[in-house]
Amino acid sequence: AQSVTQPDIHITVSEGASLELRCNYSYGATPYLFWYVQSPGQGLQLLLKYFSGDTLVQGIKGFEAEFKRSQSSFNLRKPSVHWSDAAEYFCAVDPSSNTGKLIFGQGTTLQVKP
Amino acid sequence: GAGVSQSPRYKVAKRGQDVALRCDPISGHVSLFWYQQALGQGPEFLTYFQNEAQLDKSGLPSDRFFAERPEGSVSTLKIQRTQQEDSAVYLCASSLRTPNIQYFGAGTRLSVL
């Protein structure tokens, strides 16, 4: 079945440490790919997106993500985490690339230790 | 307004009541989406409008759910005869065109008692 998988439900990192959040998708063609962040009681904020071209994309707040076609992955990274990064992170896919309908993973909760 | 606005932010309904959730998209945005987010889950697509036309309603869970966008701007999601399983956060998003970046509102948290 077509799906988006975020294998890590909960991740804890120390402030200043590096971060990688995993995302895998199972769609035949290369979909449009997104990472969103959600703080408690807030809506979703777009961190970055991949439509085509360079497979390493830069986003806001120092985040980046790399699209790897061979692994059907779009992992999110940050070299040094700040306490304010604690939130829920969602990977999303637009599988048809022309409807805008997003399919979301179940999310990864990031906790940052001081 | 500058962003997508949803009202009310919180809604408590007794089982069997009808509810209406409102979404004000960003001015000029053609596309509007509704998603349902259950506790601890990612958002799930409900329905999609392009201007006033509802082009996809494949995600609506039952015929108790109805959405409209009569003038191509404000949208209302209506749930009739609410059930406990309808308790969730309902998110609205808009985009300038499709496909494009979707901007989300803060959501309406619906609790059905």
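To be clear, the structure that these remarks concern was listed above.
Described below are features of the structure shown in this document. Every chain is numbered independently, its residues counted from 1 as its sequence is written. Chains and ligands are labelled by the order in which they are written, letters from A for the one and numbers from 1 for the other. The predicted origin of the model limits local features to residues at a pLDDT of at least 70 and limits the giving and counting of side-chain atom pairs to 80 or more, whereas totals for whole chains, interfaces and linings rest on all residues. The side-chain values count all of the structure's non-hydrogen atoms but skip hydrogen atoms and water molecules.

Focus on the overall build of chain A
Part 1 of the reasoning: Each helix is a run of H or I in the DSSP string that is no shorter than four residues. Each strand is a run of E no shorter than two, and both are numbered from the N terminus. For chain A, the helix and strand inventory stands at zero helices and 12 strands.
Part 2 of the reasoning: Ordered by position from the N terminus, the helices and strands of chain A form the series β-β-β-β-β-β-β-β-β-β-β-β.
Part 3 of the reasoning: Here the globule rule is a power law, 2.2 Å times the number of residues to the power 0.38, and the radius of gyration is based on C-alpha atoms. For chain A, whose C-alpha radius of gyration is 13 Å, the value lies close to the compact-globule estimate of 13 Å for 114 residues.
Part 4 of the reasoning: Viewed in the frame of its principal axes, chain A has a C-alpha envelope of about 40 × 30 × 20 Å.
Part 5 of the reasoning: In this count, Lys and Arg are taken as positive residues and Asp and Glu as negative ones, while His and the chain termini are left out. Think of each charge as sitting on NZ of Lys, CZ of Arg, CG of Asp or CD of Glu. Distance from the positive charge centre (9 side chains) to the negative charge centre (9 side chains) of chain A: 3 Å.

Quick word on the interface of chain B and chain A
Part 1 of the reasoning: The interface of chain B with chain A comprises 20 residues on the first partner and 20 residues on the second.
Part 2 of the reasoning: Buried area: the sum, over both parts, of the accessible surface (1.4 Å probe) that disappears when the two are put together. Here chain B and chain A share an interface that buries about 1500 Å² over both sides, 60% of which is from carbon and sulfur atoms.
Part 3 of the reasoning: For this analysis, a salt bridge means a side-chain nitrogen from Lys or Arg found within 4 Å of a carboxyl oxygen belonging to Asp or Glu. Linking chain B with chain A are one salt bridge, by the criterion used here.
Part 4 of the reasoning: Here K101(A) ties to D56(B) by a salt bridge, and the two come within 4.0 Å at their closest N and O atoms.
Part 5 of the reasoning: Ranked by residue count, the leading element in the side of chain B that touches chain A is strand 4 (residues 31–37) of chain B, at three residues. For this analysis, residues touch if any pair of their heavy atoms sits within 4.5 Å.

Focus: unusual backbone geometry
Part 1 of the reasoning: For the peptide bond that leads from S7(B) to P8(B), omega is -10 degrees, which places it in the cis range.
Part 2 of the reasoning: Mapping P8(B) onto the fold places it in the loop between strand 1 (5–7) and strand 2 (10–13).
Part 3 of the reasoning: If you check the backbone angles, K61(A) has positive phi at about 60 degrees while not being a glycine.
Part 4 of the reasoning: Relative to the assigned elements, K61(A) resides in the loop between strand 7 (56–58) and strand 8 (64–68).
Part 5 of the reasoning: Even without a glycine there, the phi angle at R81(B) is positive, about 50 degrees.
Part 6 of the reasoning: Type-normalised accessible area, obtained with a 1.4 Å probe on protein chains alone, sets the label of each residue: buried when under 20%, exposed when over 50%, and partly exposed for intermediate values. A residue is classified by how much of its surface remains accessible, and R81(B), at 42% relative accessible area, is partly exposed.

Looking at the sheet that holds strand 7 (residues 65–68) of chain B
Residue and element names in this part refer to chain B.
Part 1 of the reasoning: Strands sit in the order 1-3-8-7 across an open sheet of four strands; the sheet is antiparallel. Both outer strands of the open sheet, strand 1 and strand 7, are each paired with one neighbouring strand and no more. For this sheet, the mean inter-axis angle between neighbouring strands, taken without regard to orientation, is 15 degrees.
Part 2 of the reasoning: Relative to strand 3 (residues 19–24), strand 1 runs antiparallel, the two being bridged by three bridges. Along strand 3, the bridge assignment pairs S5 with D24. Strands qualify as paired when DSSP identifies two bridges or more between them. Helix axes are fitted only over the stretch in contact, all axes being lines through C-alpha atoms; the angle between N-to-C directions runs from 0 to 180 degrees.

Some points on the pattern of salt bridges
Part 1 of the reasoning: If you walk through the whole model with that rule in mind, you get eight salt bridges over all chains.
Part 2 of the reasoning: In the salt-bridge network here, residues are joined through shared partners; they are E64(A), E66(A) and R77(A).

Section: the environment of T99(A)
Part 1 of the reasoning: Mapped onto the elements of the fold, T99(A) is located in the loop between strand 10 (87–94) and strand 11 (103–104).
Part 2 of the reasoning: Placed 31 residues apart in sequence, T99(A) and K68(A) show a C-alpha to C-alpha distance of 23 Å.

Describing the nonpolar core
Side chains of nonpolar character tend, in soluble globular proteins, to be buried together.
Part 1 of the reasoning: What makes a nonpolar core is a set of buried Ala, Val, Leu, Ile, Met, Phe, Trp, Tyr and Cys residues whose side-chain atoms join them at distances within 4.5 Å. L19(A), W35(A), L47(A), L48(A), F74(A), L76(A) and Y89(A) are the most contacted members of the largest nonpolar core, which totals 27 residues.
Part 2 of the reasoning: Of all the elements in the fold, those that place two or more residues in this core are strand 2 (10–14), strand 3 (19–21), strand 5 (32–38), strand 6 (44–50), strand 8, strand 9 (73–78), strand 10 and strand 12 (108–113) of chain A.
Part 3 of the reasoning: Residues within four places of L48(A) in sequence aside, it is in contact with L33(A), F34(A), W35(A), V57(A), Q58(A), G59(A), F63(A), E64(A), A65(A), F74(A) and L76(A).
Part 4 of the reasoning: With 20 residues, the next largest nonpolar core counts V4(B), A13(B), L21(B) and C92(B) among its residues.

Looking at the pairing of strand 2 of chain A
All names here are of chain A.
Part 1 of the reasoning: Alternating residues of strand 2 divide into I11 and V13, all buried, and H10, T12 and S14, none buried.
Part 2 of the reasoning: Bridge count for strand 2 against strand 12 is five bridges, and the pairing is parallel. Within strand 12, the position partnered with H10 by the bridge is T109.

Overview of the side chain of S73(A)
Part 1 of the reasoning: Structurally, S73(A) is set in strand 9.
Part 2 of the reasoning: Apart from residues no more than four positions distant in its own chain, S73(A) is found in contact with C23(A), N24(A), Y25(A), E66(A), F67(A) and K68(A).

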